[in-house]
Amino acid sequence: QVQLVESGGGLVQAGGSLRLSCAASGSIFSINVMGWYRQAPEKQRESVANITSGGSRNYAGSVWGRFTISRDNAKNTVYLQMNSLKPEDTAVYYCHVIATSREFPTWGNYWGQGTQVTVSS
């Protein structure tokens with residue numbers, strides 16, 4: 001199995017910064033894509049950013065130029081540096097990985113428990 005533990009959420013004023021971290025653990029064979037989704041109240045979950053094992057990055061248009069995703073493959077950890085935060089960035093942020101494990105040797109989707117990010121105006 002693959003477990004994901006997120007950290008780094010909190011309350012920040014508009015224009016401020018936060019850094020989210022997500023560490024994957026368990027009987028992991030390989031991790032392909034690592035990324036972040038978010039869900040605001042009464043809205044659908046949306047992709048924020050992701051990064052492949054080769055380092056290719058994708059960002060939602062709404063965060064382009066403000067957020068930066070990175071990963072440490074040795075630590076099975078993905079980071080999301082969020083700068084110039086806006087009130088509309090307020091949401092629960094979920095870590096997501098596509099990985100294989102000893103128990104499940106085919107690619108599977110795994111989710112973190114979510115961390116709240118609140119940006120005040």
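Not measured: the values here are computed from a predicted model.

Student: Please explain the pairing of strand S3 (residues 18–26) as it appears in this structure.
Tutor: Side-chain positions along a regular strand alternate between the two faces of the sheet. Pairing between strand S1 (residues 2–7) and S3: six bridges, direction antiparallel. Paired with Leu4 across the two strands is Ala24, which belongs to S3. Where S3 lies against strand S8 (residues 77–82), six bridges are found, and the strand directions are antiparallel. Considered in S8, the bridge of Leu18 is made with Met82.

Student: Is there a simple way to think about the packing of aromatic side chains in this case?
Tutor: Scanning the model with the defined rule gives two aromatic pairs in all. Seen from their ring centres, Tyr37 and Trp111 are 4.9 Å apart, and the 65° between their planes marks the pair as edge-to-face. Pair noted here: Tyr37 is in strand S4 (residues 28–39) and Trp111 is in strand S10 (residues 108–111), with a separation of 74 residues, a long-range link. Exposure remark for Tyr37: the relative accessible area of 24% places this residue in the partly exposed category. A ring pair is formed by Tyr59 and Trp64, whose centres lie 5.5 Å apart and whose planes are at 85°; its orientation type is edge-to-face. Assessed through its relative accessible area of 22%, Tyr59 is described here as partly exposed. Residue class for Trp64 comes out exposed when judged on its relative accessible area of 61%. When the ring centre of Tyr79 is taken as reference, the NZ or CZ atom of Arg19 above it lies at 4.1 Å. The positively charged end of Arg45 is found above the aromatic ring belonging to Tyr94, 3.8 Å away from the centroid.

Student: Just checking my understanding: could you explain the pattern of salt bridges for this structure?
Tutor: Two side chains of opposite charge can pair, provided their charged atoms sit close to one another. Taken as a whole, this structure holds four salt bridges when the rule is applied. Ionic pairing is found between Asp89 and Arg38, a salt bridge with its closest N-O pair at 3.0 Å. Taken together, the residues span a long stretch of sequence, with Asp89 in the loop between S8 and strand S9 (91–101) and Arg38 in strand S4 at a distance of 51 residues. Note that Asp89 is salt-bridged to Arg66, the shortest N-O span being 2.7 Å. Of the two residues, Asp89 sits in the loop between S8 and S9 while Arg66 sits in the loop between strand S6 (57–59) and strand S7 (67–72), which places them 23 residues apart along the sequence. Taken individually, Asp89 and Arg66 each receive the classification buried, so the pair is uniform in this respect. Connected through salt bridges with shared partners, the residues Arg38, Glu46, Arg66 and Asp89 form a single ionic network.

Conventions and cut-offs
Sequence order as written defines residue numbering, which begins from 1 separately in each chain. Only residues with pLDDT of 70 or above have their local features reported here, since the model is predicted, and side-chain atom pairs are shown and tallied only from 80 upward, although totals for entire chains, interfaces and linings are computed over all residues. Side-chain metrics rest on all non-hydrogen atoms present in the structure, leaving aside hydrogens and water. Strand pairing is defined by DSSP finding a minimum of two bridges between the two strands. Secondary structure elements are taken from DSSP: a helix is a run of H or I of four residues or more, a strand is a run of E of two residues or more, and numbering for both begins at the N terminus. Working definition: a ring pair exists when centres of Phe, Tyr or Trp rings (six-membered ring for Trp) sit within 6.5 Å. Plane angles under 30 degrees give stacked, over 60 give edge-to-face, the rest tilted. In this scheme, a residue with accessible area under 20% of its type's maximum is buried, one over 50% is exposed, and one in between is partly exposed, where area comes from a 1.4 Å probe on protein chains only. Definition used: whenever NZ (Lys) or CZ (Arg) falls within 6 Å of the ring centre and also within 35 degrees of the ring normal, the charge is taken to sit over that ring. One side-chain nitrogen of Lys or Arg within 4 Å of one carboxyl oxygen of Asp or Glu is enough to make a salt bridge.

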